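Each chain, letter by letter, is given below.
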Amino acid sequence: MATTSKNMNVFYRQKKNSSASTGKKSTKSPSPKHAATFGSDITQPPALVCHGGSLDLKDDFDEQEQVLRQFDMNMAYGPCVGITRLDRWERAQRMGLNPPKEIESLLRGGKVKLESLFDGRV
Amino acid sequence: MEVDSQEQLQRKQSTYLSLDENFEIQKEVYRGQQYSQIYFARLHMMRTLLYSLVPNWKSHLPVCTVLELEEGKECIIVGTLYKHMKLKPCILDEYSKERSVAPLIKPHNFMHQDDYLVLEDESGRVKLGGTKLSPSVYVTGVVVALHGKETSAGAFFVEDVLEAGLPPQIERPLKSREDKYVVFVSGLSIGSSSSNPLQFQLLVDHITGHLGDEEEQGLAAEIVHLVIVGNSVEISHGLLNGQNLASKDQSRLSEPFKELDILLTQIAASLPLDIMPGSSDPANFALPQQPLNRCLFPGSATYNTFRSCTNPHCFELDSIRFLGTSGQNIDDLTKYSEAKDKLDFLERTLRWRHLAPTAPNTLGCYPFTDRDPFLIDSCPDVYFVGNQEKYETRLLKGLEGQLVRLICIPRFCETGVAVVLNMRNLECHALTFGTQISS
């Protein structure tokens, strides 16, 4: 890009050279606003999150999802990877394992994730 | 001498019932599942069964899972066996740094004296010790119950084994039957250099009654069914190397099928016939192999006596249950275990109640999610395997009165032997065709 030397200043933030005064003690600047460090309130700094805008912090802690995750992790009903939750529930039903009926009503209700928690991640 | 007798010989008939529905995969949907699902289904079905058999075996001992094992506590555990084999080919060998210049020699059998067995269930796995369980007999994928205790080394010392045993057999009506024969032939390998078209033509002529005098024709009229057990064609590997075929070579690809179709049309016009795919046939590689497409048999598929079947194949003739495979399951057992003869392998698969225990470990298999179709629920009356080296047969008697005829069907292109079974008494004999003209 061709620019005149006069406009170079806009590209560089001009910093004033801090006067090297010996006596002055520079106070510790407060931790930067968006750091994922101990003192920070923000758990997910914007720079690290690439999700297109919306933070889905809420869904992970949804109570229904928790119940379904417990169902996913229960070894008695077999592996959960590669099979939808409803299919796994029905398979458990057919095998006589008596999976809880609430899971079925939850899954058929429609508002929950139908895939297991490992879907797309493994 | 009369050339044409007045009465016509009628071929005997029998009622046929196909039980291949379990082996069809058209309704299955692949959703990215892995083989853990089929292993879970297998373990669950077999464990439920073994739990019901344990009280009759050793009722005083507690049953626990692998993680609940305590040192010194005598108990029973049920799980899937895994055999760790030193010589089993591993994909990582290709990346090993000590690769020798000479190509890796593939042995026919991967057994080694250092092989050991491990028992696994959902909670964990434990190495098995003791001499009761011989690693040379068992393979990965068999579900058993073990009685023993955990040693200080963390292994499980096996004192006794419980296999599922022969499945229950449905009682057959004992009415006096007449002689009705079923012919099994396997390994025709049409299109290979070793196949002799005259030999198969002789077989076809014999079965359809075009050979011999009236007595011989009368015998042929008692043949009610023919089963072709895999490897009916062999396409030369030079044509299958992945390069585009010239138009003159394309006709070479279809020639074996044309030849087979001509012969099958002659058979289908005369009696019911089942054809199963084998390892060299154009069907899917993984078990259960799906039926060969009817478009390969334009002539014979028009007959309603022609049936293209799955591999493994299960059917009933006059309520006698037949179950068999084209040989891949037994060949895989031969590679990973040992026995005196092939009939021992057949017997073991029946005692383990599983047609192909090494699937999916070393034998290609479809990743079923909700069932394991290779589990044997009901004991067959006839259990056959095709494409073996020689004809062998044995009558197996079970503890609950089951009676099974085990048959190893040899490759026809090499031996010229077909197997004939009498449905009345389950007796078997060989039918040999030779085309040598001795001087």
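Values in this document were obtained by computation on a predicted structure and should not be read as measured data.

A. Just the overall build of chain B, in detail. Looking only at helices and strands, chain B features seven helices and 17 strands. At 24 Å, chain B has a C-alpha radius of gyration in line with the 22 Å of a compact globule built from 439 residues. The C-alpha extent of chain B, read off along each of the three principal axes, is 85 × 60 × 50 Å. Within chain B, buried positions represent 52% of all 439 residues. Long-range pairs, those at least 24 residues apart, make up 74% of the contacts in chain B with a sequence separation of at least 6. For chain B, the computed accessible surface area is about 21,500 Å², with 52% contributed by carbon and sulfur atoms. Computed over 41 positive and 56 negative side-chain charges, the separation of the two mean positions in chain B equals 4 Å.

B. Examining the pairing of strand β9 (residues 273–276) of chain B more closely. All names here are of chain B. By the alternation rule, side chains of β9 split into L273 and I275 and D274 and M276, which are all buried. Direction of pairing for strand β8 (residues 223–229) relative to β9: parallel, over a ladder of four bridges. What sits directly across from I228, in β9, is I275. Between the parallel pair β8 and β9, the chain is carried across by helix α4 (residues 247–268), and the sense of this crossover is right-handed. Of the strand pairs in this sheet, β9 and strand β10 (residues 306–308) are connected by three bridges, and their pairing is parallel. Within the sheet, the bridge partner assigned to I275 lies in β10 and is S308.

C. Highlighting the pattern of salt bridges. Residues and elements named next belong to chain B. Summed over the entire model, instances satisfying the criterion amount to 31 salt bridges over all chains. The salt bridge involving K180 is made with D318; its shortest N-O contact spans 2.9 Å. Residue K180 is found in the loop between β6 (156–162) and β7 (181–185), and its partner D318 is found in the loop between β11 (313–317) and β12 (320–325); the two are separated by 138 residues along the sequence. You'll find K180 and D318 in the same group, each marked buried.

D. How the structure looks around the nonpolar core. Residues and elements named next belong to chain B. I77, L128, L133, Y138, L146 and F156 are the most contacted members of the largest nonpolar core, which has 53 residues in total. Counting residues per element, this core draws most heavily on helix α6 (residues 342–351), which supplies four residues. No fewer than three residues from each of domain 1 (2–28 + 169–238 + 246–327 + 367–432) and domain 2 (36–95 + 108–162) sit in this core. Excluding its chain neighbours within four sequence positions, the residues that come into contact with L128 are L81, L117, V118, L119, L133, L146, F156 and V158. The next biggest cluster of nonpolar side chains, apart from the first, holds 33 residues, and it includes L188, I207, I235 and L264.

E. Region of the structure containing empty space enclosed by the protein. Residue and element names in this part refer to chain B. Summed over all chains, the structure comprises two cavities of 30 Å³ or more. Lining the largest cavity we find L188, I190, S195, N196, P197, Q199, F200, E259, L263, F412 and C413. Contributions of two or more residues to the lining of the largest cavity are made by α2 (197–208), α4 and α7 (412–415). The dominant element in the lining of the largest cavity, judged by the number of residues it contributes, is α2, at three residues. For the lining of the largest cavity, the class distribution of residues is seven nonpolar, three polar and one charged. Of the volumes computed, that of the second largest cavity is approximately 60 Å³. For the lining of the second largest cavity, the class distribution of residues is three nonpolar, four polar and two charged.

F. Summary view of the interface of chain B and chain A. The interface is formed by 13 residues belonging to chain B together with 15 residues belonging to chain A. Note on chain B versus chain A: buried area summed over both sides is about 1,100 Å², and carbon and sulfur give 60% of it. On the chain B side of the contact with chain A, R31(B), Q37(B) and F40(B) bury the most area, a combined 43% of that side's loss. Counting every contact that joins chain B to chain A gives two salt bridges. A salt bridge links R31(B) to D87(A), with the nearest nitrogen and oxygen atoms 3.0 Å apart. Our count for the contact surface shared by chain B and chain A stands at six residue pairs in polar contact (both at pLDDT 80 or more). Looking at side-chain class alone, the side of chain B that touches chain A contains three nonpolar, seven polar and three charged residues.

G. Representation of the confidence of the model for chain B within the structure. When pLDDT is averaged along chain B, the result is 90, and 95% of the positions lie at 70 or above. Under the prediction, the complex receives an ipTM of 0.81, its pTM being 0.84.

H. Seen up close, the side chain of T84(A). Secondary-structure assignment places T84(A) in the loop between α2 (63–73) and α3 (85–94). In this structure, T84(A) is in contact with L114(A), E115(A) and R31(B), ignoring residues within four places of it in sequence.

I. Quick look at the sheet that holds strand β15 (residues 403–410) of chain B. All names here are of chain B. Here we have six strands laid out as an open sheet, ordered β1-β11-β12-β13-β15-β14, and mixed in their pairing. Looking at which strands have only one partner, the edges of the open sheet turn out to be β1 (16–18) and β14 (392–397). Across the sheet, the axes of successive neighbouring strands diverge by a mean angle of 20 degrees, strand direction being ignored. Sitting on the sheet, helix α5 (residues 328–336) touches β12 and β13 (382–388), and the angle it makes with β13 is about 70 degrees. Packed on one face of the sheet, α6 meets β13, β14 and β15 and runs near 135 degrees to β15.

J. Local environment of α5(B). Listed in full, the buried residues belonging to α5(B) are Q328(B), N329(B), I330(B), D332(B), L333(B) and Y336(B). On its buried face, α5(B) sits against β2 (74–84), β12, α6 and β13 of chain B.

Cut-offs used in this document
Residues numbered from 1 in each chain as written. Chains lettered and ligands numbered in written order. Predicted model: local features only at pLDDT ≥ 70, side-chain atom pairs only at ≥ 80, totals over all residues. Heavy atoms only, no water. Helix = DSSP H or I, 4+ residues; strand = E, 2+ residues; numbered from the N terminus. Rg over C-alpha atoms; globule rule 2.2 N^0.38 Å. Buried < 20%, exposed > 50% of the residue type's maximum accessible area, 1.4 Å probe, protein only. Contact = heavy atoms within 4.5 Å. Areas by Shrake-Rupley, 256 points an atom, 1.4 Å probe, with all protein chains shown as cover. Lys, Arg positive; Asp, Glu negative; His and termini not counted. Charge placed at Lys NZ, Arg CZ, Asp CG, Glu CD. Pairing = 2+ DSSP bridges. Right-handed = clockwise from strand over helix to strand, strands pointing away. Salt bridge = Lys/Arg side-chain N within 4 Å of Asp/Glu carboxyl O. Core = buried A, V, L, I, M, F, W, Y, C linked by side-chain atoms within 4.5 Å. Domains from an automatic or database assignment. 1 Å grid on protein atoms, 1.4 Å probe; cavity = no way out; pocket = protein on both sides within 12 Å on 5 of 7 lines; lining within 4 Å. Points joined across faces, edges and corners; volume = space filled by probe spheres on them. Nonpolar A, V, L, I, M, F, W, Y, C, P; charged D, E, K, R; others polar. Buried area = accessible area lost by both parts, 1.4 Å probe. Polar contact = N/O pair within 3.5 Å; in protein donor to acceptor, adjacent residues only side chain to side chain. pLDDT = per-residue confidence, 0-100. Axes fitted to C-alpha atoms, helices over the stretch in contact; angles between N-to-C directions.

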